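Read off the chains here:
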Amino acid sequence: MISGMNHAVLYVRDARRHQRFYADVLGFTTVIDGPGAYVFMRAPLSENHHDIVFFSIGEEAGASQAGRSTVGLYHIAWEVGTLDELAEMRERLAAAGALVGQSDHGPNKSLYAKDPDGLEFEVMWLVPPQHWGDEEHQAIIRPLDLDADRARFAALG
C-alpha cells in the first residue's frame, strides 16, 4: 500500500539556481550535488533521503505550458508544522519576490509561490483532522486570514 508521496523530480533551466532558491528561501539542504547537471535536496525536517531533484536542461528551455495548452503538473505542496511557520514562510517568499497567492481551503491554509523558472508550488499548514468538519468534502477557496487562524487554533500550541 502507498503510504505517501516521497519526492518530486523537476526539469529546470538551471539546477544551481533552484538549489540556491530552495536553500535560501525554503531552508532545504543539498544531499547530492551533481556537477552542473542535477541537485538532490531535502526539506529541513524531512526523514526522506531527498524530497526534490532538479535536472538542468538549459537556459533555452521554454516556459511550462501545463494547464494552459498542455497537460502537466500544476504544483507540489510543502507542509509546515505551525501557523507561525506559515507566517514566517509568507515573509520569506514575499521578500524573495516569489509569493503569488494565499488561500484558506478549510482543511489547509495555503501560500502559493513560483520558483526561478515560474513553476508554482504551495507551502501549507494542515488543520488537524478533528477540526475539518463538513469542510473535508468541500472545495473551498477563501481569502487567507492568518491572524484569525492563529487566534482560532492558538490552543493547539
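Structural notes, computed from the coordinates. (Residues numbered from 1 in each chain as written. Predicted model: local features only at pLDDT ≥ 70, side-chain atom pairs only at ≥ 80, totals over all residues. Heavy atoms only, no water.)

The next thing to look at is helix H2 (residues 83-95). Look at H2: 18 Å from first C-alpha to last across 13 residues, which is about the 18 Å you get at 1.5 Å a residue. Of the surrounding secondary structure, the elements contacted by the buried residues of H2 are helix H1 (15-26), strand E5 (76-80), strand E6 (99-104), strand E7 (108-114), strand E8 (120-126) and helix H3 (146-152). Capping the start of H2, Thr82 holds a side-chain oxygen 3.4 Å from the backbone nitrogen of Asp84, two or three residues further along. (Helix = DSSP H or I, 4+ residues; strand = E, 2+ residues; numbered from the N terminus. Expected span 1.5 Å × (residues − 1). Contact = heavy atoms within 4.5 Å. Polar contact = N/O pair within 3.5 Å; in protein donor to acceptor, adjacent residues only side chain to side chain.)

We now examine the sheet that holds strand E2 (residues 29-34). Ordered in space as E1-E4-E3-E2, the four strands form an open sheet in which the pairing is mixed. Here the strands that pair on one side only, and so sit at the sheet edges, are strand E1 (8-12) and E2. Within the sheet, the average angular offset between the axes of one strand and its neighbour, ignoring direction, is 20°. In this structure, strand E3 (residues 38-42) lies alongside strand E4 (residues 52-56), joined through four bridges in antiparallel fashion. Within E4, the residue paired with Phe40 across the bridge is Val53. The sheet contacts of H1 involve E1, E2, E3 and E4, and relative to E3 the element is tilted by about 15°. (Pairing = 2+ DSSP bridges. Axes fitted to C-alpha atoms, helices over the stretch in contact; angles between N-to-C directions.)

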